[in-house]
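Single-letter residue listing:
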Amino acid sequence: MKIKREPDLEEKLRILSDAAKYDVACTSSGVDRKGEKGSLGNSRACGICHSFAADGRCISLLKVLLSNDCIYDCKYCINRRSNQRVRTSFTPEELCTITIEFYKRNYIEGLFLSSGVVKNPTYTMELMYRTLFLLRNQYHFRGYIHAKAVPGAAPEIIQGIGYLADRMSVNMELPTKESLQLLAPGKSHQAILQPMGQIRQQIQDYRLSIGKSASMERHFGNQYLTGGIFSSGSKSSRKLEGQTGALSGHARTPSESALPGIASPADSFSEKTPLLKKDSRPFAPAGQSTQMIIGATRENDYQLLKVTQAMYQQYDLKRVFFSAYIPLNEDRDLPSLDTTPPLLREHRLYQADWLLRYYGFQADDLLSPSRPNFNIFLDPKCDWALRHLELFPIEVSTASYQNLLKVPGIGNKSAWRILQARRLGRLNFSSLKTMGVVLKRAQYFITCHGKMRYHTPIEEDFITRQLTQSEKSTLWDLEHPQTYRQLSLFDDNFLEVPPTIEDSRKILSGQL
């Protein structure tokens with residue numbers, strides 16, 4: 001149900017930033033683009049995430065919905081059509097103004113833009129395209145932008161947004177066709193996978209056009225995607241403006257649009273409208289990601305990891321994000337409203353995701369149909385090691401890099417340091433601690449020149465007791481968070497001196 005009224009700009013910001021807080025798939029790493037004279041902002045490959053909310057989410061991006069109006073009635077979504085909520089939308093011009101004004105005051109460093117589905121997917125994506133086009137070309141904003149692609153939108157407009165955004169993402173929502181059909185009957189699994197395949201293909205096409213590969217990108221980062229190709233005033237940049245200028249000046253009929261200055265889907269990308277060419281600038285240089293809700297349906301950890309692994313292999317994703325389900329709506333197909341969000345399970349899945357991406361593990365290594373869920377009291381690497389004690393202890397003075405990575409408490413950097421240090425001298429447990437090895441976990445699985453740190457038995461029950469005892473305080477914090485809310489732009493923790501309501505009005509009106 002819609003509650004129609006027209007809030008002012010400040011109230012729109014509060015409504016639409018609050019409506020976006022349940023989408024966790026925002027990250028800013030992957031793009032290295034310097035600021036330039038006459039432009040605003042920059043992006044760094046190491047990321048722009050400087051501030052974090054109480055639940056660990058990064059809040060340095062302006063994370064907001066273009067609109068909380070939606071044609072779908074997904075059972076788990078707070079913005080579903082049947083909920084009684086105040087519905088509002090930004091115009092592209094309003095969102096550009098807010099982004100630039102907050103950026104100038106150092107409140108934010110980039111934009112994370114998503115939206116409810118207004119009218120239809122293509123119409124919604126056209127509003128998003130107009131917003132990004134104005135930011136890049138009229139406001140000359142070179143900061144980081146993460147844009148959500150709406151499944152079902154026209155491929156041409158997804159392509160257009162890909163040349164304006166740094167990262168794109170399409171939410172999986174739920175991991176299986178069955179769960180999606182149960183909780184989001186208006187959406188289809190195939191419709192979600194189709195834009196993911198298009199984005200993957202266009203990223204690969206750009207790599208091929210400059211003679212690079214996905215493996216080179218993972219090794220060297222994304223500098224080669226942005227170095228000199230999309231610099232302000234360059235030949236490629238001027239070429240891009242010439243190719244896209246017709247989009248901003250295309251004839252529009254106000255009566256065809258719910259918001260001023262936005263065309264209807266029918267005349268957005270006609271045959272007369274030139275599209276962005278593939279060689280004009282990188283397509284989504286920070287790659288694509290997705291998000292899955294966990295805990296709303298009955299999938300086990302093994303199923304979730306298998307889907308995650310398939311997403312990485314088939315769609316060349318940068319990240320798969322997991323979102324612990326927070327009960328918001330009452331429905332017989334959903335957990336009850338008093339159900340605690342599975343934050344500890346989410347944490348373990350993120351740790352397992354790290355093992356898939358950087359440690360060479362496979363889903364079938366970590367879990368199996370006979371043991372489909374992680375021990376939530378142990379991190380996945382410890383859980384795996386305890387089920388394979390026949391491989392331990394490992395001698396650090398002779399073990400290969402791959403075998404060192406299997407040891408709980410030894411990461412990529414510390415494994416590399418061990419390889420370098422043992423060429424120069426004799427290792428001991430003190431030196432291992434200096435190299436970054438977490439001995440409170442590693443000590444049960446390694447030897448130094450044939451000796452363990454302490455005389456401890458290599459037994460699953462004994463080591464499990466020791467490891468879970470040392471993690472008790474961390475587990476308590478994860479299971480008993482102070483709050484589930486996302487930090488607001490107006491929270492005390494976000495700014496050293498938070499703006500008053502009057503300050504906020506002046507910011508949005510350009511007076512401050």
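Residues numbered from 1 in each chain as written. Predicted model: local features only at pLDDT ≥ 70, side-chain atom pairs only at ≥ 80, totals over all residues. Heavy atoms only, no water.

Okay, the pattern of salt bridges next. Using the criterion set out here, one finds 14 salt bridges in the structure. We note a salt bridge from E10 to R14, for which the minimum N-O separation is 3.7 Å. Of the two residues, E10 and R14 are both situated in helix 1 (residues 9-19); the distance of four residues between them amounts to about one turn of the helix. Since its relative accessible area comes to 8%, E10 is described here as buried. R105 is paired through a salt bridge with E101; the nearest N and O atoms lie 2.7 Å apart. Taking the relative accessible area as the measure of exposure, R105 reaches 22% and is therefore partly exposed. (Salt bridge = Lys/Arg side-chain N within 4 Å of Asp/Glu carboxyl O. Helix = DSSP H or I, 4+ residues; strand = E, 2+ residues; numbered from the N terminus. Buried < 20%, exposed > 50% of the residue type's maximum accessible area, 1.4 Å probe, protein only.)

Overall, the prediction assigns the protein chain a mean pLDDT of 79, with 71% of residues at 70 or greater. Counting contacts from residues 222-279, a segment whose pLDDT is below 50, to residues more than four positions away or on other chains yields 113 contacts. (pLDDT = per-residue confidence, 0-100. Contact = heavy atoms within 4.5 Å.)

As a further point, take the side chain of R167. Among the secondary structure elements, R167 is positioned in strand 6 (residues 167-169). With a relative accessible area of 2%, R167 lands in the buried category. A polar contact of 2.8 Å, which involves the side chain of R167, links it to the backbone oxygen of A286. (Polar contact = N/O pair within 3.5 Å; in protein donor to acceptor, adjacent residues only side chain to side chain.)

Moving on, we come to unusual backbone geometry. The linkage connecting F392 with the following residue, P393, adopts the cis geometry, with an omega of 0°. Position of P393 among the secondary structure elements: in the loop between helix 13 (380-386) and strand 9 (394-395). Residue D316 is not a glycine yet carries a positive backbone phi of 50°. Note on placement: D316 falls in the loop between helix 10 (301-315) and strand 8 (319-324). For H449, which is not glycine, the phi dihedral falls at a positive 55°. Within the secondary structure, H449 is located in the loop between strand 10 (446-447) and helix 18 (460-470).

Turning next to the pairing of strand 8. Extensive coverage of strand 8 is indicated by the burial of six of its six residues. In strand 8, alternate side chains face the same way, and those of R319, F321 and S323 on one face and V320, F322 and A324 on the other are all buried. Alignment of strand 7 (residues 288-294) against strand 8, held across six bridges, turns out to be parallel. Bridge pairing links M292 to F322 in strand 8. As for the winding sense of the linkage, the β-α-β connection from strand 7 through helix 10 to strand 8 is right-handed. (Pairing = 2+ DSSP bridges. Right-handed = clockwise from strand over helix to strand, strands pointing away.)

Another point: the pairing of strand 2 (residues 61-65). Within strand 2, five of the five residues are buried, which leaves it mostly tucked inside the rest of the structure. Burial of the side chains of strand 2 extends over both faces: L61, K63 and L65 are buried on one face and L62 and V64 on the other. Relative to strand 4 (residues 110-114), strand 2 runs parallel, the two sharing five bridges. Within strand 4, the position partnered with L61 by the bridge is G110.

The next point concerns the packing of helix 4 (residues 155-162) against helix 6 (residues 189-209). With their axes 11 Å apart at the nearest point, helix 4 and helix 6 run at an angle of 50° to one another. Accordingly, the angle class assigned to the pair helix 4 and helix 6 is oblique. Along this stretch, helix 4 crosses helix 6, giving a crossing that reads as right-handed. On helix 6, the residues that touch P155, I158 and Q159 of helix 4 are P195, Q198, I199 and Q202. Broken down by class, the residue content of the contact of helix 4 with helix 6 amounts to four nonpolar, three polar and no charged. (Axes fitted to C-alpha atoms, helices over the stretch in contact; angles between N-to-C directions. Parallel < 35°, antiparallel > 145°, perpendicular 65-115°, else oblique. Left-handed = near helix turned anticlockwise from the far one by under 90°. Nonpolar A, V, L, I, M, F, W, Y, C, P; charged D, E, K, R; others polar.)

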